[in-house]
Amino acid sequence: MAKLVHLHLLALLSFIVLLITAYIFSDLFWQFGPIVEDGFELISEDEILFEIQTGLHLAIVPLPAAIAFGLLISVCAQSATQAVTTALGVTLAIDIFKSMLGDYANFLYARFQPSLIDASYLQDASRIVRGIPMS
């Protein structure tokens, strides 16, 4: 339990540092505002902030389950190599077969995380950058 709590606190601290760093550097290099093309506002600043907040919330939700899964695999494995290969294999298998589970895939942590076969919210949110409306 101590390792699990430690990893969750470490992930929370890392996420906070990541947000602060991203905010500072994006403020240094870019001007944040609405997307305007040919005098027409395509996406307002409020809509962009809402999409960023939604993406961050949905990215945070499966993180504790992914940490707990990784810790379970590392505790059960006999070596670090075995833990990494087992975790990668199981995660890829879940990723490949989650579309076959239908609505039951919503109960898997991997359903909401970006991955090789990306069906997460972040794939839809990335379409904003290219100017494609969300589906």
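Residues numbered from 1 in each chain as written. Predicted model: local features only at pLDDT ≥ 70, side-chain atom pairs only at ≥ 80, totals over all residues. Heavy atoms only, no water.

1. Describing the overall build of the chain
Filter applied, for reference: Starting at the N terminus, helices and strands are each numbered in turn, a helix being any DSSP run of H or I of at least four residues and a strand any DSSP run of E of at least two. Between buried and exposed lies partly exposed: a residue is buried under 20% and exposed over 50% of the maximum accessible area for its type, with that area taken using a 1.4 Å probe on protein chains only. Every residue pair with non-hydrogen atoms within 4.5 Å of one another is taken to be in contact. The protein chains shown are the only cover counted for residues, whose accessible areas, like all others here, come from Shrake-Rupley with a 1.4 Å probe.
A count of helical and extended segments in the chain gives five helices and two strands. Starting at the N terminus and ending at the C terminus, the chain contains elements arranged as α-β-β-α-α-α-α. For the chain, with 135 residues in total, the buried portion stands at 19%. Considering only intrachain contacts with a sequence separation of at least 6, the fraction spanning at least 24 residues in the chain is 38%. Entry remark: accessible area of the chain is about 10,100 Å², with carbon and sulfur atoms responsible for 70%.

2. Points about the confidence of the model for the chain
Interpretation of this model should avoid reading the predicted coordinates in detail wherever pLDDT is low. Condition: Known as pLDDT, the predictor's per-residue confidence is scaled from 0 to 100.
When pLDDT is averaged across the chain, the result is 81; 82% of the residues are at 70 or more. The least confident element of the chain is helix H5 (residues 121-126), whose mean pLDDT is 61; the most confident is helix H1 (residues 2-29), at 92.

3. Let's talk about the packing of H1 against helix H3 (residues 63-76)
Going by this rule: For helices, the axis comes from a line fit to the C-alpha atoms of the stretch in contact; other axes are also lines fit to C-alpha atoms, and the angle between any two N-to-C directions lies between 0 and 180 degrees. Any angle between 65 and 115 degrees counts as roughly perpendicular, while under 35 counts as roughly parallel, over 145 as roughly antiparallel, and the rest as oblique. With the far helix as reference, a near helix turned anticlockwise by less than a right angle produces a left-handed crossing, and one turned clockwise produces a right-handed crossing. Throughout this entry, Asp, Glu, Lys and Arg are counted as charged residues, while Ala, Val, Leu, Ile, Met, Phe, Trp, Tyr, Cys and Pro are counted as nonpolar. The remaining residues, Gly among them, count as polar.
Between H1 and H3, whose axes approach to 10 Å, the crossing angle comes to 135 degrees. Classed by the angle they form, the pair H1 and H3 counts as oblique. Once H1 is placed against H3, the crossing between them reads as right-handed. On H3, the residues touching Lys 3, Leu 4, Leu 7, His 8 and Ala 11 of H1 are Leu 63, Pro 64, Ile 67, Ala 68 and Leu 71. Looking at the contact of H1 with H3 residue by residue, the classes come out as eight nonpolar, one polar and one charged.

4. Concerning a nonpolar patch on the surface
So the rule is basically this: Like-charged residues are merged into a patch within 9 Å and nonpolar side chains (Val, Leu, Ile, Met, Phe, Trp, Tyr) within 5 Å, provided each residue has over 30% relative accessible area and no salt bridge. Any Lys or Arg side-chain nitrogen found within 4 Å of a carboxyl oxygen on Asp or Glu counts as a salt bridge.
Residues Val 5, Leu 9, Leu 12, Ile 16, Ile 20, Tyr 23, Ile 24, Phe 25, Leu 28, Phe 29 and Trp 30 make up a contiguous nonpolar surface patch of roughly 1,200 Å² in combined accessible area. Along the polypeptide, Val 5 turns up in helix H1. Judged by its relative accessible area of 45%, Val 5 is partly exposed.

5. Considering a negative patch on the surface
Rules: By the counting rule applied here, Lys and Arg register as positive and Asp and Glu as negative, while His and the ends of each chain are not counted. By convention, the point assigned to a charge is CZ for Arg, NZ for Lys, CD for Glu and CG for Asp.
Together, Glu 41, Glu 45, Asp 46 and Glu 47 line one region of the surface with negative charge. Ranked by the residues each element gives to the negative patch, the list is headed by helix H2 (residues 45-60), at three residues. Summarising the element assignment, Glu 47 is placed in helix H2. Of the residues examined, Glu 47 reaches a relative accessible area of 43% and is grouped as partly exposed.

6. Looking at H2
For clarity, the cut-off: Residue count minus one, scaled by 1.5 Å, sets the expected span of a helix. Picture the helix axis, draw a direction to every C-beta atom, and the arc is the one those directions span.
Taking 1.5 Å as the rise per residue, H2 with 16 residues should run 22 Å; its terminal C-alpha atoms sit 23 Å apart, in good agreement. Looking only at H2, the buried set comprises Ile 48, Glu 51 and Gly 55. On an axial view of H2, the arc spanned by its buried residues comes to 65 degrees, and they lie on one face. Residues Asp 46, Phe 50 and His 57 are exposed on H2 and point more than 90 degrees away from its buried face.

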